[in-house]
Amino acid sequence: MKKLALLCSGGDSPGMNAAIRAIVRTALYHGIEVMGINKGYEGLIDGDLWSMKTTDVSNIIQRGGTILKSARSMRFKEKKYRDVAAMQLQKNNIDALVLIGGDGTFRGAQAFFEEYQFPSMGLPGTIDKDLAGTDFTIGFDTAVNTAMEAIDKIRDTADSHSLIFVVEVMGRDAGYIALNSGIACGAEDILIPELKTSIPKLINRITDEKRRKKNTHIIVVAEGDDFGGGLEVKNLLEKEFPDIGARLCILGHIQRGGSPTYADRVLASRLGYNAVMALMEGRRQEMVGIINGEIVYTPYSEVVKQKAIIAEDIIAITEVLTH
Ligand code: F6P
């Protein structure tokens, strides 16, 4: 392998830069040239590639976002554009591709590599942590910490004013940020897409707390919860409890930005290093992840087929510790 190309795709996540740095430096260390592709699959289709040197990745390990930019490519879903992407790889003499992204990235990779069998390895880069084949994804730890700090602040004011607060966190299809930030902040309720939301149960609980003169109630809602997200929940509670009053805070994209935590920087460095080493050893079409602290490799087909499983005790904790 003489030359590899590297891209970030889908929603960005804190730690992507640390991964880019690790990939570039590991490859250069082993005498492999690296081309950075701007804006994910979009840049690949357009041939937007540049040669990366070790100094290009200096001073980025602590920065959120991605110096390569990212995009959700609609064009890459079409075969005719995947053909163009393959042509660009050939034209630029690329021997292998390294991808950093979430489930959409791996779905794209799976389709592309079924057609072209082009050597590649992937890194899980998403704040959602919703990929099979890894215990952690790059950016998740930072996003949960960002949400946790915000919810702690919200609790101060909710408590001063005895309010019901609905805090919506990211996660269109996954409740990991909601579950973990909710547990970390002692939220009174946590609503996630993976579990059916019981509104009567929610109302009963708040009514019961009112009787016990506990008026502050924080509900962490994943944006994709089955009741329709934070606004729907807040509107309903405002109607049910007009005397307490409900407020809504949508944390939104602040969860995707910011300086990565130590955990995300080290995870990204390990995954980036191992992705390049794996390509050198002849591994192909796998996502490099971490399970029980060990590096593991999962075929793209498995990554897109399976869902990450929420540990049972985490679900139980949300029920038991929130009372
Ligand atoms: O990247 C994952 C994610 O942050 C999800 O949690 C969220 O639903 C989605 O991206 C939002 O993406 P966009 O900014 O493209 O709407």
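Parameters and conventions
Residues numbered from 1 in each chain as written. Predicted model: local features only at pLDDT ≥ 70, side-chain atom pairs only at ≥ 80, totals over all residues. Heavy atoms only, no water. Helix = DSSP H or I, 4+ residues; strand = E, 2+ residues; numbered from the N terminus. Buried < 20%, exposed > 50% of the residue type's maximum accessible area, 1.4 Å probe, protein only. Contact = heavy atoms within 4.5 Å. Near = heavy atom within 4 Å. Polar contact = N/O pair within 3.5 Å; in protein donor to acceptor, adjacent residues only side chain to side chain. Areas by Shrake-Rupley, 256 points an atom, 1.4 Å probe, with all protein chains shown as cover. 1 Å grid on protein atoms, 1.4 Å probe; cavity = no way out; pocket = protein on both sides within 12 Å on 5 of 7 lines; lining within 4 Å. Sits in = over half its atoms within 2 Å of the grid points. Points joined across faces, edges and corners; volume = space filled by probe spheres on them. Nonpolar A, V, L, I, M, F, W, Y, C, P; charged D, E, K, R; others polar. Salt bridge = Lys/Arg side-chain N within 4 Å of Asp/Glu carboxyl O. Pairing = 2+ DSSP bridges. Axes fitted to C-alpha atoms, helices over the stretch in contact; angles between N-to-C directions. Phe/Tyr/Trp six-rings, centres within 6.5 Å; stacked < 30°, edge-to-face > 60°.

*Asks:* Hey, could you run me through the environment of T207 in this one?
*Replies:* Structurally, T207 is set in helix α7 (residues 199–211). For the pair formed by T207 and F241, sequence separation is 34 residues and the distance between their alpha carbons is 8.6 Å.

*Asks:* It is not clear to me how the side chain of R256 should be interpreted in this structure. Could you clarify?
*Replies:* Looking at the element boundaries, R256 is found in the loop between β9 (246–250) and α9 (262–280). Taking relative accessible area as the criterion, R256 reaches 18% and is therefore assigned buried. For R256, the contacting residues outside a window of four places in its chain are G11, D12, S13, P14, R72, I127 and M170.

*Asks:* Got a minute to help me understand the site of the ligand in this structure?
*Replies:* Surrounding the ligand, one finds G11, R72, I127, D128, M170, G171, R172, E223, H253 and R256. Separating an oxygen atom of the ligand from a side-chain N or O atom of D128 is a distance of 2.7 Å. A distance of 3.0 Å separates an oxygen atom of the ligand from a polar side-chain atom of R256. Against a free-state accessible area of 400 Å², the protein chains account for coverage of 79% of the ligand. With respect to the pocket detection grid, the ligand is positioned in the largest pocket.

*Asks:* Any chance you could explain the layout of surface pockets here in plain terms?
*Replies:* Empty space left among the atoms is revealed by rolling a probe the size of a water molecule over them. Of the pockets and cavities examined, the largest pocket occupies roughly 660 Å³. Forming the boundary of the largest pocket are 31 residues, of which G10, R72, D103, G104 and R172 lie nearest the centre. Counting residues per element, the lining of the largest pocket draws most heavily on helix α4 (residues 103–116), at six residues. A class-by-class count of the residues in the lining of the largest pocket yields seven nonpolar, twelve polar and twelve charged. Of the voids in this model, the second largest pocket is the one considered here, and its volume is about 330 Å³. Forming the boundary of the second largest pocket are 16 residues, of which D189, I190, L191, K201 and E319 lie nearest the centre. Secondary-structure elements contributing two or more residues to the lining of the second largest pocket are β7 (189–191), α7 and α11 (312–320). Of the residues in the lining of the second largest pocket, the class split is seven nonpolar, four polar and five charged.

*Asks:* What's the story with the pattern of salt bridges in this structure? I'm lost.
*Replies:* Between side chains of opposite charge, pairing is possible as soon as their charged atoms come close. According to the stated counting rule, one finds 19 salt bridges in the structure shown. Here D226 and K196 are joined by a salt bridge, their closest N and O atoms 3.3 Å apart. Residue D226 is located in the loop between β8 (217–222) and α8 (230–240), and its partner K196 is located in the loop between β7 and α7; the two are separated by 30 residues in the primary sequence. Connected via shared salt-bridge partners are D189, K201, R205 and E319.

*Asks:* Got a minute to help me understand the sheet that holds β9 in this structure?
*Replies:* Across a sheet, strands are paired by hydrogen bonds formed along the backbone, either parallel or antiparallel in direction. Spatially, the four strands line up as an open sheet ordered β7-β8-β6-β9, and their pairing is parallel. Unpaired on one side and paired on the other, β7 and β9 mark the two borders of the sheet. The average angle at which neighbouring strand axes cross in this sheet is 20°, direction not considered. When strand β6 (residues 164–169) meets β9, the two strands line up parallel, connected through five bridges. Paired with F165 across the strands is R247, a residue of β9. α7 rests against β6, β7 and β8 of the sheet, and its axis sits at about 160° to β8.

*Asks:* Mind showing me how you'd approach the packing of aromatic side chains here?
*Replies:* For any pair of aromatic rings, the description consists of the separation of the ring centres together with the inter-plane angle of the planes. Summed over the entire model, instances satisfying the criterion amount to six aromatic pairs. Seen in terms of ring centroids, F112 and F113 are 5.0 Å apart; in terms of plane orientation they differ by 75°. Their pairing is edge-to-face. Judged by its relative accessible area of 1%, F112 falls in the buried class. In this structure an aromatic cluster arises from ring pairing among Y41, F76, F106, F112, F113, Y116 and Y300.

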